[in-house]
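Understanding the architecture of this molecule
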Amino acid sequence: MRGAVLLLPLVAAVLLHAAAAAGGGNGSCERRCGSMELPYPFGFSGGCTIQLVCDVGVDDVRAAWLGGAPELGLLVRNVTPRALILNLQPDCSRLFNASVAALFSDSYAPAWGNTLVVSSCSSSEAALIKNCSSEPPDRYMKRSTSHCSANESIRCILPRTPSNTSGHHFLNRSEVLRSNCTGLVSAVSYSDAQGPSLLLGALELDWWVPGRCRCDARANCTQFPATKTRPEAFQCECPEGLQGDGFVDGTGCWEVPTLLLACSSKLHWIQG
């Protein structure tokens, strides 16, 4: 019994850090959408650094959407320490200009490894719009269920490979808009997180926090220019051996007590 009592302060420390993550530091951001909970800096209210839309679907199923119009279908599939992964089901009726406006903000933008699948483009910029030769969209979409007519022209906006692939690189919003397309049908995202792969029907957005570094004293801060309107942005990362998101307004960086790790497997034995 005494072992269990000694273990309680250590468990409490872990729970306090989890509570800090839910509250996001200042408590002014609503991070819950039903049973769904997002980490800092994401949330569903005006006090959140990156605000998403909480949507209640059929049978009270909750979903997080990007942009103010769920009908655009910019469904958030996953949130990682570096990216927002969107699920873009093929849809020729998804308005192009409204979608592009939602994909670019002061806190996120499409990473340069994305290929945009578009429809009905009238741009003369041949260098920007190509046939989708590497991954033809008909391989993973049915025109009949994607609001795409049989003769609708579906093309791809291919990313320009940066001269230096290290650091942060994004699609150019002005170039994308100059394609003068009607629909954002879908996307193909290149990922090397677990080896080189193509994610069909997915779009990856790099995210950041605007301003100068506000990271935990033990965290590593990466400062970089994000957009013309936000020339300063940063990301935080805890070094190996520490837990947390690294942000001062998030959970910061903290150590999991060694005793807790050693005793977790023996907890049932101690209580018994």
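Residues numbered from 1 in each chain as written. Predicted model: local features only at pLDDT ≥ 70, side-chain atom pairs only at ≥ 80, totals over all residues. Heavy atoms only, no water.

Examining the nonpolar core
So the rule is basically this: We call a set of buried residues a nonpolar core when its members are Ala, Val, Leu, Ile, Met, Phe, Trp, Tyr or Cys and they connect through side-chain atoms within 4.5 Å of each other. Whether a residue is buried, partly exposed or exposed follows from its accessible area with a 1.4 Å probe, protein chains only, as a fraction of its type maximum: under 20%, in between, or over 50%, in that order. Only runs of H or I of at least four residues qualify as helices and only runs of E of at least two qualify as strands under DSSP, and these elements are numbered from the N terminus. We call two residues in contact when some of their heavy atoms are within 4.5 Å.
Ranked by internal contacts, the top residues of the largest apolar core, which has 50 residues, are Leu66, Leu86, Leu103 and Leu116. At the level of secondary structure, the elements contributing two or more residues to this core comprise β8 (83-87), α2 (96-103), β9 (108-110), β10 (114-119), β13 (183-191), β15 (202-207) and β18 (233-237). Looking at which element gives the most residues to this core, the answer is α2, with four residues. Not counting residues up to four positions away in its chain, the partners in contact with Leu116 are Arg155, Cys156, Ile157, Leu171, Val176, Leu184, Ser186, Ala187 and Leu203.

Thoughts on a nonpolar patch on the surface
Just so we agree on the cut-off: Without a salt bridge and with relative accessible area above 30%, a residue can belong to a patch; like charges are then joined within 9 Å and nonpolar side chains (Val, Leu, Ile, Met, Phe, Trp, Tyr) within 5 Å. Only the protein chains shown count as cover for residues, and all accessible areas are computed by the Shrake-Rupley method using a 1.4 Å probe. Salt bridges are counted wherever a side-chain nitrogen of Lys or Arg sits within 4 Å of a carboxyl oxygen of Asp or Glu.
Taken together, Tyr190, Leu198 and Leu200 make up a surface patch of nonpolar side chains, about 260 Å² in accessible area. Mapped onto the secondary structure, Leu200 falls in strand β14 (residues 197-200). The class for Leu200 is partly exposed, based on a relative accessible area of 34%.

Regarding unusual backbone geometry
Cis geometry marks the peptide bond from Tyr40 to Pro41, where omega comes out at 10°. Here Pro41 is to be found in the loop between β2 (36-37) and β3 (42-43). Positive phi values are uncommon outside glycine, yet Ser120 reaches one of about 50°. Its place among the elements puts Ser120 in the loop between β10 and β11 (129-130). At His147, a position not held by glycine, the phi torsion is positive, near 55°.

Points about the sheet that holds strand β17 (residues 220-224)
The line we're drawing: Strands were regarded as paired on the criterion that DSSP finds at least two bridges between them.
In spatial order, the strands read β16-β18-β17; together these three strands make up an open sheet with antiparallel pairing. At either end of the open sheet lies a strand with only one pairing partner, and these are β16 (209-210) and β17. For β17 and β18, the ladder comprises five bridges, and the chain directions are antiparallel. Paired with Gln223 across the strands is Phe234, a residue of β18.

Overview of the pairing of β18
Burial of β18 is extensive: four of the five residues sit out of reach of the surface. Pairing of β16 with β18, which is carried by two bridges, proceeds in the antiparallel orientation. Looking at β18, one finds that Val209 is bridged to Phe234.

Focus on the pattern of salt bridges
Counted by the stated rule, this structure contains five salt bridges. Here Glu37 and Arg32 are joined by a salt bridge, their closest N and O atoms 2.8 Å apart. For Glu37, a relative accessible area of 34% translates into the label partly exposed. Linking Arg212 and Glu232 is a salt bridge whose minimum nitrogen-to-oxygen distance equals 2.6 Å. Taken together, the residues Arg212 in the loop between β16 and β17 and Glu232 in the loop between β17 and β18 connect sequence positions 20 residues apart.

Quick notes on the state of the cysteines
Inclusion rule: Cysteine sulfurs are considered disulfide-paired once they come within 2.5 Å of each other.
All chains considered together, the criterion is met by seven disulfides. A disulfide bridge connects Cys33 with Cys54, and the sulfur atoms are separated by 1.9 Å. As the torsion about the S-S bond is roughly 70°, the Cys33-Cys54 disulfide counts as right-handed. One end of the pair, Cys33, is in strand β1 (residues 32-33); the other, Cys54, is in strand β5 (residues 53-56), and 21 residues separate them in sequence. On the basis of relative accessibility, which here comes to 32%, the residue Cys54 falls in the partly exposed class. Each disulfide pairs two cysteine sulfurs, and for Cys92 the partner residue is Cys148, the sulfurs being separated by 1.9 Å. Disulfide Cys92-Cys148: torsion about the S-S bond near 95°, hence right-handed. Within this pair, whereas Cys92 is found in the loop between β8 and α2, its partner Cys148 is found in the loop between β11 and β12 (154-157), the two being separated by 56 residues in sequence. Summarising the burial analysis for this pair, Cys92 and Cys148 share the class buried.

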